[in-house]
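Geometric and topological summary
Listed below, chain by chain, are the residues.
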Amino acid sequence: MSLLKFESMLKTNSVFFFDLVEFEEIIIHYLDVGKIALAKKAIKLGLEQHPASIDLKLLKVELHLCDNEFDEASKLLKRIEMIAPNNDEVFIQKATIASKKGAHKQAIIQLQKALDLTDDKLDVWSLIGMEYLYLDDFENARLNFAKCIDVDFEDYSALYNIVYCFDMEQQHEMAIDYLNVYINTNPYCEVAWHQLGRQYFILKMYKEALASFDYAVLIDESFIGGYLEKAKTLEQLGNFADAIDNYLITIELDDPTAYVYIRVGECYEKLGKLDAAISYYKKAVHEDPLLDKGWVLLANLYYEKENYQKATYYISKALKIDDDNSLHWKYYAEINLKLSFFEEAVTGFKECLKLNDNSLEIYIGLADVLIFLGEFEEAFQIVLQAQKIFKNFAEVEYRLAGLFYLFNKEKYGFCHLINGLKIDYDYNYILKELFPTVSEKKKVKNLLKNFKKATE
């Protein structure tokens, strides 16, 4: 009623009287819904009718903070402190200003002062804990959140923050000990069981994790997070069929997500049910067409089914979403090789190099396609680049040998062939595959034959 009365007053330009509590409720409502302009009007009128109200002045401080007017807020707080030096909210707001300015240690000092004055210590401990989080002081943050739990063991926000601190400190065993003690106090807390399962999962204690997630979903049969984590754990245990069942439960409880569809598809793929996997990957990309992983998984499955036309279609979809991913380009090149689209394969490998994927596999793949196309000079430059990074690699030496022989530089070809033989004799088959005319040279045949005899 107070809110309707206030808004009616604004529309009619009338002036009604509101008691202090009504003004506070109106202002807090507008702050909560983000209607700052109306909150300011309510503050102005409120202070006109109740000029001595400390609570309204503190709400005005909050409005200053909403507008990042730190100086105005600080000046007003000084005036309030002179009137009400024992008001804990003054120091909480001082802490807010310090925190917004990045002075988190100063914020903690102000909150400690508020702690000495307030009867509601829980909220202040929580604020202190957050300030310590900003400082990456996870131990002190955890200790303050733990005080919140001591007062109210159903403060799940504090519980999440405590576990977060353990995670950041990588103290997962200590987290397990803490959560087990907590569960003894509050055994029907699905949040605690869920967090306990997470810690076991991180430590790869999958059976213990599964038991914890089982308790979580038994306590709350609509706990989506519990079913998701349970499904992931079942995957780790190799129980893909049950994992699928749990993923599908989440779809029954809430709107489907591309993430869940992909996980179901991957489970079907591990079960060897490729058609079912494809069906769920297609559902994933329908749900989120910008999820490149879904398109890549489809490309991969069609590649395995030797349907390279569809594979190249789907990998092209992924590249339209993320063309800065060298793995996508590598896969694009490999698929096009299967289709004998060599120019496209060259493009794929070159894009990988542009994206700083300097793996030997990329250099060799590109060089081999260029050799096949008869682009020997360009292939030579690529192999030379590879040699700068991968010294004393047989894959590089044999290719350099073959190219030098093609260029009629037999002396250099001989040296690199010797290097290749010393590194890995059995890899000499590459000469026959890539340089058949070189492998048929009498001198090369004799060298291979004599080298093998000498090393036997």
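Residues numbered from 1 in each chain as written. Predicted model: local features only at pLDDT ≥ 70, side-chain atom pairs only at ≥ 80, totals over all residues. Heavy atoms only, no water.

**Describing the environment of lysine 320**
The line we're drawing: Helix and strand assignments follow DSSP, with helices taken as H or I runs no shorter than four residues and strands as E runs no shorter than two, numbered in order from the N terminus. Burial classification: accessible surface area is computed with a 1.4 Å probe over protein chains only, and a residue below 20% of its type maximum counts as buried, one above 50% as exposed, and the rest as partly exposed.
Examined against the element boundaries, lysine 320 turns out to sit in helix 19 (residues 308-321). Since its relative accessible area comes to 72%, lysine 320 is described here as exposed. Through-space distance from the C-alpha of lysine 320 to that of aspartate 292 is 8.7 Å; in sequence the pair is 28 residues apart.

**What to know about helix 12 (residues 190-202)**
What counts here: To estimate the expected span of a helix, count its residues, drop one, and scale the result by 1.5 Å. What makes two residues a contact is simply this: any of their non-hydrogen atoms within 4.5 Å.
In this model, helix 12 (13 residues) spans 18 Å end to end at C-alpha, consistent with the 18 Å of a helix rising 1.5 Å per residue. Counted residue by residue, helix 12 has 11 buried out of 13 residues, so it is predominantly covered. Along helix 12, the residues classified as buried are Glu190, Val191, Ala192, Trp193, His194, Gln195, Leu196, Gly197, Gln199, Tyr200 and Phe201. Residues of helix 12 that are buried sit in contact with helix 10 (156-168), helix 11 (172-185), helix 13 (206-219) and helix 14 (224-236). Taken from the residues just after helix 12, lysine 204 is the one with a positive phi, measuring 60 degrees.

**As for the pattern of salt bridges**
Note the following rule: A side-chain nitrogen of Lys or Arg and a carboxyl oxygen of Asp or Glu constitute a salt bridge if their distance falls within 4 Å.
Summed over the entire model, instances satisfying the criterion amount to 15 salt bridges. Linking aspartate 167 and arginine 198 is a salt bridge whose minimum nitrogen-to-oxygen distance equals 3.1 Å. One end of the pair, aspartate 167, is in helix 10; the other, arginine 198, is in helix 12, with 31 residues separating them in the sequence. Two residues, arginine 263 and glutamate 266, come together in a salt bridge whose shortest N-O distance is 4.0 Å. In this pair, arginine 263 and glutamate 266 both sit in helix 16 (residues 258-270), 3 residues apart, roughly one turn of the helix. We note that arginine 263, like glutamate 266, is buried. It is possible to trace a salt-bridge network through shared partners that takes in Glu235, Arg263, Glu266, Lys270 and Lys293.

**A short note on the packing of aromatic side chains**
Where we set the bar: For Phe, Tyr and Trp, where Trp contributes only its six-membered ring, two rings pair if their centres lie within 6.5 Å, and the inter-plane angle classes them as stacked under 30 degrees, edge-to-face over 60, or tilted in between. Over a ring means this: the NZ of a Lys or the CZ of an Arg is within 6 Å of the ring centre and within 35 degrees of the ring normal.
A full pass over the atoms with the stated rule returns 20 aromatic pairs. Between tyrosine 268 and tyrosine 280, the aromatic rings sit 5.7 Å apart at their centres with planes inclined by 25 degrees, giving stacked as the arrangement. One end of the pair, tyrosine 268, is in helix 16; the other, tyrosine 280, is in helix 17 (residues 274-287), with 12 residues separating them in the sequence. The exposure class of tyrosine 268 is buried, given its relative accessible area of 17%. Taking the centre distance of 5.1 Å and the plane angle of 70 degrees together, the rings of tyrosine 313 and tyrosine 314 count as edge-to-face. Following the ring pairs from residue to residue traces out a cluster consisting of Trp295, Tyr302, Tyr313 and Tyr314. Across the ring face of tyrosine 280, the terminal group of lysine 283 is positioned such that the distance to the ring centre comes to 4.4 Å. Across from the ring centre of tryptophan 295, 5.3 Å away, lies the NZ or CZ of lysine 317, which sits over that ring.

**Regarding the nonpolar core**
Counted only if it meets this: The definition of a nonpolar core used throughout is a set of buried Ala, Val, Leu, Ile, Met, Phe, Trp, Tyr and Cys residues joined through side-chain atoms within 4.5 Å.
Membership of the largest hydrophobic core comes to 79 residues, with the highest contact counts inside it found for Leu298, Ile335, Tyr398, Leu417 and Leu421. Ignoring any residue separated from it by four or fewer positions in sequence, one finds isoleucine 335 in contact with Ala299, Tyr303, Tyr308, Ala311, Thr312 and Ile315. Ranked by size, the runner-up nonpolar core spans 44 residues in total, among them Ala107, Leu111, Leu133 and Phe166.

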